Amino acid sequence: MWLELQWRNFSDQFYDNFIKDNRWRYMTNGLVNTLTITVVALALGLAIGFVIAYIRVTHDNTGKLRPFNSIARLYLTVIRGTPALVQLLFIYFVIFANSSLPKILVAALSFGINSGAYIAEIFRGGMMSVDKGQSEAGRSLGLNYGQTMWRIIMPQAVKNALPALGNEFITLLKETSIAGFVAVQELTKGADIIRSRTYNAFMPLTAAAVIYLGIVLILEKLLGALEGRLRRSDHR
């Protein structure tokens with residue numbers, strides 16, 4: 001009798017939170033927006049991170065690009081020294097206050113700029129971890145500095161930095177949950193909208209947490225498989 005009562009209560013809450021008025025769409029639409037923001041921000045972060053890392057490593061190795069290195073260091077200091085939420089609010093309410101850009105694009109831009117600072121240091125660490133003899137070997141083959149970096153150093157640097165890049169991807173995915181502060185309906189915001197309709201926080205927030213966890217587990221599995229494949233290729 002007690003079990004039947006609990007099941008009926010669960011069924012009623014499930015219907016009220018997800019089935020009634022098609023409230024499940026808040027979750028699916030939020031998930032799509034979350035993944036969109038994550039992918040766009042990651043692409044932007046990788047581009048920014050590579051450029052910043054290349055500038056810093058080139059300056060450290062050759063002393064060139066001094067003005068660009070100063071700008072890069074300032075960027076890293078500001079972005080890594082301020083909260084991602086403050087950056088998001090500043091970009092949305094100050095920089096793009098009068099812009100007609102979609103909110104989801106502004107959010108992706110903010111997260112991409114934020115992620116770029118951390119990816120830059122990951123790339124830089126990967127580049128610095130490559131033995132200097134590799135650069136000398138490239139020069140002995142007649143390659144210039146840029147060709148040596150692109151053809152010899154970067155492939156090894158990416159391989160070395162892959163675990164840290166995977167962690168940054170996962171962190172970025174979870175960090176998009178603050179996009180709701182600028183009225184972007186991402187996954188967490190979708191769950192909160194359901195909560196505001198039903199006055200039941202447990203079920204929608206639990207569903208959001210389970211979805212995040214599921215995505216993270218899938219990403220960890222894929223990254224682990226990729227790392228294993230790269231390790232096997234080293235022994236061939």
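Our structure's up above, just so we're on the same page.
Quick caveat, the model's predicted, so the values are computed rather than measured. (Residues numbered from 1 in each chain as written. Predicted model: local features only at pLDDT ≥ 70, side-chain atom pairs only at ≥ 80, totals over all residues. Heavy atoms only, no water.)

**Section: the overall build of the protein**
Along its length, the protein carries 9 helices and 0 strands. If you list the helices and strands of the protein from N to C, you get α-α-α-α-α-α-α-α-α. Computed over its C-alpha atoms, the radius of gyration of the protein comes to 23 Å, more than 25% above the 18 Å expected for a compact globule of 236 residues. With respect to the three principal axes, the spread of C-alpha positions in the protein is 80 × 50 × 25 Å. Of all 236 residues assigned to the protein, the portion counted as buried reaches 37%. When the accessible surface of the protein is totalled, it reaches about 13,800 Å², and 64% of it is carbon and sulfur. The averaged location of the 15 negative side-chain charges in the protein is 7 Å from the averaged location of its 24 positive side-chain charges. (Helix = DSSP H or I, 4+ residues; strand = E, 2+ residues; numbered from the N terminus. Rg over C-alpha atoms; globule rule 2.2 N^0.38 Å. Buried < 20%, exposed > 50% of the residue type's maximum accessible area, 1.4 Å probe, protein only. Areas by Shrake-Rupley, 256 points an atom, 1.4 Å probe, with all protein chains shown as cover. Lys, Arg positive; Asp, Glu negative; His and termini not counted. Charge placed at Lys NZ, Arg CZ, Asp CG, Glu CD.)

**A few points about the pattern of salt bridges**
For the structure shown, the criterion picks out 7 salt bridges. A salt bridge links Asp60 to Arg124; its shortest N-O distance comes to 3.8 Å. On the criterion of sequence distance, the pair formed by Asp60 in helix H2 (residues 24-62) and Arg124 in helix H5 (residues 103-129) is long-range, its members being 64 residues apart. The class for Asp60 is partly exposed, based on a relative accessible area of 40%. Residues joined in a network through salt bridges with shared partners are Arg56, Asp60, Glu121 and Arg124. (Salt bridge = Lys/Arg side-chain N within 4 Å of Asp/Glu carboxyl O.)

**Considering the packing of helix H3 (residues 66-81) against H5**
Where H3 contacts H5, the two axes come as close as 9 Å, and the packing angle between them is 115°. Crossing geometry of H3 relative to H5 is assigned as left-handed. Taken together, the residues of H5 that come into contact with H3 (itself represented by Tyr75, Leu76, Ile79 and Arg80) are Ile113, Asn114, Gly116, Ala117, Tyr118, Ala120 and Glu121. (Axes fitted to C-alpha atoms, helices over the stretch in contact; angles between N-to-C directions. Left-handed = near helix turned anticlockwise from the far one by under 90°. Contact = heavy atoms within 4.5 Å.)

**As for the packing of H2 against H3**
For the pair H2 and H3, interaxial distance at closest approach is 9 Å and the crossing angle is 130°. With respect to each other, H2 and H3 are oriented oblique. Read as a crossing pair, H2 and H3 show a hand that is left-handed. Between H2 and H3, the contacting residues are Ile48, Ile52, Ile55, Arg56 and His59 on the first element and Arg66, Phe68, Asn69, Ala72, Arg73, Tyr75 and Leu76 on the second. (Parallel < 35°, antiparallel > 145°, perpendicular 65-115°, else oblique.)

**Details of the nonpolar core**
Note on soluble globular proteins: their nonpolar side chains tend to be buried together. Within the largest apolar cluster, 32 residues are counted, with the highest numbers of intra-cluster contacts made by Ile37, Ala107, Phe111 and Met127. For this core, the elements supplying multiple residues, two or more each, are H2, helix H4 (84-95), H5 and helix H7 (145-175). In terms of residues, this core owes the most to one element, H7, which gives 9 residues. Leaving out residues up to four positions away in the same chain, Ala107 has contacts with Ile37, Leu88, Ala179 and Val184. (Core = buried A, V, L, I, M, F, W, Y, C linked by side-chain atoms within 4.5 Å.)

**Observations concerning unusual backbone geometry**
Phi is positive for Asn22, close to 55°, though the residue is something other than glycine. Within the secondary structure, Asn22 sits in the loop between helix H1 (2-19) and H2. Phi is positive for Tyr199, close to 60°, though the residue is something other than glycine. Examined against the element boundaries, Tyr199 turns out to sit in the loop between helix H8 (187-198) and helix H9 (202-234).

**Quick word on the packing of aromatic side chains**
Taken as a whole and assessed by the stated rule, the structure comprises 6 aromatic pairs. Pairing Tyr92 with Phe93 gives two aromatic rings, centres 4.8 Å apart and planes at 90°, and the pair type is edge-to-face. Among the aromatic residues, ring-to-ring pairing joins Trp7, Phe10, Phe14 and Phe18 into one connected group. (Phe/Tyr/Trp six-rings, centres within 6.5 Å; stacked < 30°, edge-to-face > 60°.)

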